[in-house]
Amino acid sequence: MLNDSTSTGIKQDSCLNTLKYFHVTEGVCVDIMHDVLGVASLEVKLLLRQLIYEDNLFTLEQLNNRISSFDYGYIIEKNKPSVILNLRTNENAVRQTASQMWCLLLFLPLMIGDLVSRQSSHWKLFLLLREICSIVFAPVVTNGLGVFLKQLIIDHHNMFKTLYPDRRLIPKHHFMIHYGRMIVMFGPLVKLWCMRFESKHCPMKRQAHVVYNFKNISKTLAYKNQIQSMYSWKFGKPLEREISVPNAFPVIVGSLELCELLLEKLHTKDENLGILSPVHVAHTVSVFGQTYRTGSVVPLKYDTRGECQFGEIIHILPECY
């Protein structure tokens, strides 16, 4: 039965409901990029206001200095948060992009954790939000995690209303209530977020600003995207460049760190190599688009208990690939 169209605006059943595995009222999904990171942007601003202006634990300048000088690592460096200019504005959120907000949410405890009391209720609310994010952004989930997430979100919302009674829960808070059910229905929600679509959309927005002609902007952007894709496939040859080494230089094996262990590994490929043999060494290498750099820590394998073994990249020898 359909409701009266005069009160709801619904005139007829959707043709999409004829699909076997979809219904317009039951197949609705969520976008954790806009929802969770939007909630994080609001609550991080409220947290920093409390710690800086109410508790006087540190200053805004000290916070910005730690944000600027923090070592994020070369992989996350491009998502480094911007400095926070003002926390007293009427805006609900901290001015950060989604990727910057995700980075700030991850590393804020390492930046200011030594200045904050563990007994702070506002800090506990922030840590509870991070625990929710660890499940929501997880690449692998279970039905049990969905049930646990539902309770975490209830506790989080109740604590938020207790600490900020004059603040209303925003719609994004409400969307989070359905996350437990969504995980059971769809699996990991990180597989459904809009981050990659927004990344693809970003250069088109810049092109639209440069063109500045909106008579038929869709056709213009579609044409530019086709030209760019054609150039990338014709001249870039993405499928042929499995391994890319931007720079490599010759050195003597004996001058390298852990040269004995290195020789032991290299003897399996070339038994003529010795302590005075020259080899080419690089600082970075790209394998199928993934960049590896000396000094990085990478996962190697998992044992039978599910624990991961990590290793540090000491040297990169392109000749061994």
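Rules of the game
- Residues numbered from 1 in each chain as written.
- Predicted model: local features only at pLDDT ≥ 70, side-chain atom pairs only at ≥ 80, totals over all residues.
- Heavy atoms only, no water.
- Helix = DSSP H or I, 4+ residues; strand = E, 2+ residues; numbered from the N terminus.
- Buried < 20%, exposed > 50% of the residue type's maximum accessible area, 1.4 Å probe, protein only.
- Axes fitted to C-alpha atoms, helices over the stretch in contact; angles between N-to-C directions.
- Parallel < 35°, antiparallel > 145°, perpendicular 65-115°, else oblique.
- Left-handed = near helix turned anticlockwise from the far one by under 90°.
- Contact = heavy atoms within 4.5 Å.
- Salt bridge = Lys/Arg side-chain N within 4 Å of Asp/Glu carboxyl O.
- Patch = residues over 30% accessible without salt bridge, like charges linked within 9 Å, V, L, I, M, F, W, Y side chains within 5 Å.
- Areas by Shrake-Rupley, 256 points an atom, 1.4 Å probe, with all protein chains shown as cover.
- Pairing = 2+ DSSP bridges.
- Core = buried A, V, L, I, M, F, W, Y, C linked by side-chain atoms within 4.5 Å.
- Phe/Tyr/Trp six-rings, centres within 6.5 Å; stacked < 30°, edge-to-face > 60°.
- Lys NZ or Arg CZ within 6 Å of the ring centre and 35° of its normal.

Novice: Would you explain the side chain of S286 in this entry?
Specialist: With respect to the helices and strands, the residue S286 is situated in strand β4 (residues 284-287). Its relative accessible area of 18% is what places S286 among the buried residues.

Novice: In this structure, what is going on with the environment of V279? I would like to understand it.
Specialist: Relative to the elements of secondary structure, V279 occurs in strand β3 (residues 278-281). With 26 residues separating them in the primary sequence, V279 and V253 have C-alpha atoms 6.5 Å apart.

Novice: Sorry, what's going on with the packing of helix α5 (residues 121-136) against helix α6 (residues 143-163) here?
Specialist: Helix-helix packing: each pair is described by the crossing angle between the helix axes and the interaxial distance. At a closest axis distance of 10 Å, the pairing of α5 and α6 adopts a crossing angle of 155°. Judged by the angle between their axes, α5 and α6 are roughly antiparallel. The hand of the α5/α6 crossing is left-handed. When α5 is examined against α6, the residues S121, H122, K124, L125, L128, L129, E131, I132, I135 and V136 are found in contact with a partner set consisting of L145, F148, L149, L152, I153, D155, H156, M159, F160 and L163.

Novice: I tried to follow the pattern of salt bridges on my own but got confused; where do I start?
Specialist: Per the stated rule, a full pass over the model turns up one salt bridge. As a salt-bridge pair, D114 and R66 come within 2.8 Å of each other at their nearest N and O atoms. With D114 in the loop between α4 (98-112) and α5 and R66 in helix α3 (residues 60-69), this residue pair connects regions lying 48 residues apart in the sequence. The class of D114 is exposed, set by a relative accessible area of 57%.

Novice: I would appreciate a short explanation of a nonpolar patch on the surface in the present structure.
Specialist: A grouping of L16, L19, F22 and V24 is seen on the molecular surface, where their side chains present a nonpolar patch of about 310 Å² in accessible area. Turning to its location among the elements, L19 is positioned in the loop between α1 (5-8) and α2 (32-54).

Novice: Help me understand the pairing of strand β6 (residues 297-302), please; the structure alone is not making it clear to me.
Specialist: Every other side chain in a regular strand lies on the same face of the sheet, so the side chains alternate between the two faces. Bridge count between β6 and strand β7 (residues 308-312): five bridges; the pairing is antiparallel. The residue bridging K301 from the neighbouring strand is Q309, located in β7. Adjacent in sequence and paired antiparallel, β6 and β7 are bridged by five residues, among which G306 carries a positive phi angle near 85°.

Novice: When you look at the nonpolar core in this model, what are you seeing that I'm missing?
Specialist: A general tendency of soluble globular proteins is for nonpolar side chains to be buried together. In terms of nonpolar packing, the biggest core is built from 52 residues, with L63, I112 and Y179 touching the most fellow members. Elements with a contribution of two residues or more to this core: α2, α3, α4, α5, α6 and α8 (179-186). Top element by residues in this core is α2. It accounts for eleven residues. Beyond its immediate chain neighbours, meaning those up to four positions away, Y179 contacts V30, D31, I32, D35, V36, V136, L149, I153 and L189. Counting residues in each nonpolar core, the second largest holds ten residues, with V251, L262, L263 and L317 among its members.

Novice: Can you walk me through the pairing of β4 in this structure?
Specialist: Alignment of strand β1 (residues 243-244) against β4, held across two bridges, turns out to be antiparallel. Residue I243 lies in a different strand from β4, and its bridge partner there is V287. The turn joining β4 and strand β5 (residues 290-293), which pair antiparallel and follow one another in sequence, is formed by two residues; a positive phi near 55° is taken by F288.

Novice: What am I meant to see in the sheet that holds β5 here?
Specialist: Two strands in a sheet stick together by hydrogen bonds in their backbones, pointing the same way (parallel) or opposite ways (antiparallel). Pairing in this open sheet of three strands is antiparallel, and the strands run β1-β4-β5 from one edge to the other. Two strands lie at the open edges of the sheet, namely β1 and β5, each paired on one side alone.

Novice: Is there a simple way to explain the packing of aromatic side chains in this structure?
Specialist: By convention here, two paired aromatic rings are described through the distance between centres and the angle between planes. A full pass over the atoms with the stated rule returns seven aromatic pairs. Between the aromatic rings of F70 and F107, the centroid separation amounts to 5.4 Å while the plane-to-plane angle is 50°, which identifies the pairing as tilted. Here F70 is found in the loop between α3 and α4, whereas its partner F107 is found in helix α4, with 37 residues between them in sequence. Aromatic pair W123 and F126: ring centres 5.3 Å apart, planes at 35°, arrangement tilted. Of the two residues, W123 and F126 are both situated in helix α5; the distance of three residues between them amounts to about one turn of the helix. Of the two residues, W123 and F126, both sit in the buried class. A cation over an aromatic ring shows up here: R88 above the ring of Y53, its NZ or CZ 3.7 Å from the ring centre.

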